Amino acid sequence: MTATTLQFGLTAFTTFLVVVDPFGILPIFISLAKGRTKEERARLVTRAVALGWAVSMVFLLGGNRLLDYLGVTVHAFAISGGILLFATALPMLFGQRAPLQSPDDKEGAGGDDIWIFPLAIPLLAGPGTITGILLLTAQARGSMGKMGALVLALTLVFLLTHLVLGVVGGQLVRRLGPESLHVATRVLGIVLAALAVQFVLNGVTGYIRFLDPR
């Protein structure tokens, strides 16, 4: 690995770490996963991280071609992701939760799928992550070494995310009581709503600049 490739890989790792933001997602995950057992939380984390990594890899390997084929901009991802996140924040604000799967449901069939939305998409593999991937793949185009560094950097960040949500998150859940988690859920509902609005604003302003780059 050349010095240029190594520097590019470090830049990619830093960029992915900032946009995935495992420590920023941690309190939201704790609120969403409250009331679940240690084993259930572990399954949520593993599935969410695996799906987030897979979606990110799809965009890393062929994101520009896919978006061009569909005629969709990354700004549309930001706006739609923000709207969906806001819908998630409302039940948190009012102390409501989607019902868990019934005892008659089989594991993974129909019930609680927060590992898909909002954890994997759009919190892990969200507009910021996809935008960062598209920008970095454009810089790495034509260089197998840089593409390999991108894959490695993205994988390391998602492994770190799994560690943060699984280990650190589990310890915090055990230390916080039910009342503390209830209060934290309300507060973080406000934070998540604000994040959702910011996604929409970023998408709108980014699309305006895309149409008129002056």
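Whatever comes next refers back to the structure up there.
Residues numbered from 1 in each chain as written. Predicted model: local features only at pLDDT ≥ 70, side-chain atom pairs only at ≥ 80, totals over all residues. Heavy atoms only, no water.

## Quick notes on the overall build of the protein chain
Counting its secondary structure elements, the protein chain contains 8 helices and 0 strands. Taken from N to C terminus, the helices and strands of the protein chain fall in the order α-α-α-α-α-α-α-α. A buried classification covers 37% of the 214 residues belonging to the protein chain. Considering only contacts in the protein chain between residues 6 or more positions apart, those separated by 24 or more positions represent 88%. Element-wise, carbon and sulfur atoms account for 68% of the exposed surface of the protein chain, whose accessible area totals about 11800 Å². (Helix = DSSP H or I, 4+ residues; strand = E, 2+ residues; numbered from the N terminus. Buried < 20%, exposed > 50% of the residue type's maximum accessible area, 1.4 Å probe, protein only. Contact = heavy atoms within 4.5 Å. Areas by Shrake-Rupley, 256 points an atom, 1.4 Å probe, with all protein chains shown as cover.)

## Examining the packing of aromatic side chains
Counted according to the given criterion, the structure contains 1 aromatic pair. For Lys146, the ring lying beneath its charged end belongs to Phe8, and the centroid distance is 5.3 Å. (Phe/Tyr/Trp six-rings, centres within 6.5 Å; stacked < 30°, edge-to-face > 60°. Lys NZ or Arg CZ within 6 Å of the ring centre and 35° of its normal.)

## Focus on the side chain of Thr5
Of note, Thr5 is situated in helix 1 (residues 3-20). A polar side-chain atom of Thr5 sits 2.9 Å from a polar atom in the side chain of Thr2. Excluding residues that lie within four positions of it along the chain, Thr5 makes contacts with Gly145, Lys146 and Ala149. (Polar contact = N/O pair within 3.5 Å; in protein donor to acceptor, adjacent residues only side chain to side chain.)

## Section: the side chain of Thr137
Mapped onto the elements, Thr137 comes out in helix 6 (residues 127-140). Among the residues examined, Thr137 registers a relative accessible area of 7% and is labelled buried. Not counting chain neighbours up to four residues away, the residues in contact with Thr137 comprise Leu60, Asn64 and Leu150.

## Describing the packing of helix 3 (residues 38-70) against helix 5 (residues 115-124)
Any two packed helices are characterised by the angle at which their axes cross and by the distance between the axes. Packing of helix 3 against helix 5 brings their axes to within 9 Å, and their N-to-C directions diverge by 45 degrees. By the angle between their directions, the pair helix 3 and helix 5 is classed as oblique. For the crossing formed where helix 3 meets helix 5, the hand is right-handed. Contacts from Leu44, Arg47, Ala48, Val49, Leu51, Gly52 and Val55 in helix 3 reach Trp115, Ile116, Leu119, Ala120, Ile121 and Leu124 in helix 5. (Axes fitted to C-alpha atoms, helices over the stretch in contact; angles between N-to-C directions. Parallel < 35°, antiparallel > 145°, perpendicular 65-115°, else oblique. Left-handed = near helix turned anticlockwise from the far one by under 90°.)

## Some remarks on helix 6
Its 14 residues give helix 6 an end-to-end C-alpha distance of 20 Å, which sits within 8% of 20 Å, the value for a rise of 1.5 Å per residue. Of all the positions in helix 6, only Pro127, Thr129, Ile130, Gly132, Ile133, Leu134, Leu136, Thr137 and Ala140 are classed as buried. At the C-terminal side of helix 6, Gly142 shows a positive phi close to 90 degrees. (Expected span 1.5 Å × (residues − 1).)

## Thoughts on a nonpolar patch on the surface
A cluster of nonpolar side chains, namely Val58, Leu66, Tyr69, Leu70 and Val72, defines an oily patch on the protein surface of about 490 Å² accessible area. Examined against the element boundaries, Leu70 turns out to sit in helix 3. (Patch = residues over 30% accessible without salt bridge, like charges linked within 9 Å, V, L, I, M, F, W, Y side chains within 5 Å. Salt bridge = Lys/Arg side-chain N within 4 Å of Asp/Glu carboxyl O.)

## Some remarks on the environment of Ala194
The topology assignment puts Ala194 in helix 8 (residues 178-211). The exposure class of Ala194 is partly exposed, given its relative accessible area of 46%. C-alpha separation for the pair Ala194 and Gly82, spaced 112 residues apart in sequence, amounts to 9.3 Å.

## A short note on the environment of Thr73
With respect to the element layout, Thr73 can be found in the loop between helix 3 and helix 4 (74-93). Thr73 sits in the partly exposed class, given a relative accessible area of 21%. Apart from the residues lying within four places of it in its own chain, the contact partners of Thr73 are Tyr207 and Phe210.

## A few points about the nonpolar core
Judged by nonpolar contacts, the single largest core of 47 residues is most densely connected at Phe16 and Leu150. For this core, the secondary structure elements donating two or more residues are helix 1, helix 2 (22-32), helix 3, helix 4, helix 5, helix 6, helix 7 (144-175) and helix 8. Looking at this core element by element, the count peaks at 9 residues for helix 3. Those residues in contact with Leu150 that lie beyond four places of it in its chain are Phe8, Ala12, Phe16, Leu60, Leu136, Thr137 and Ala140. (Core = buried A, V, L, I, M, F, W, Y, C linked by side-chain atoms within 4.5 Å.)

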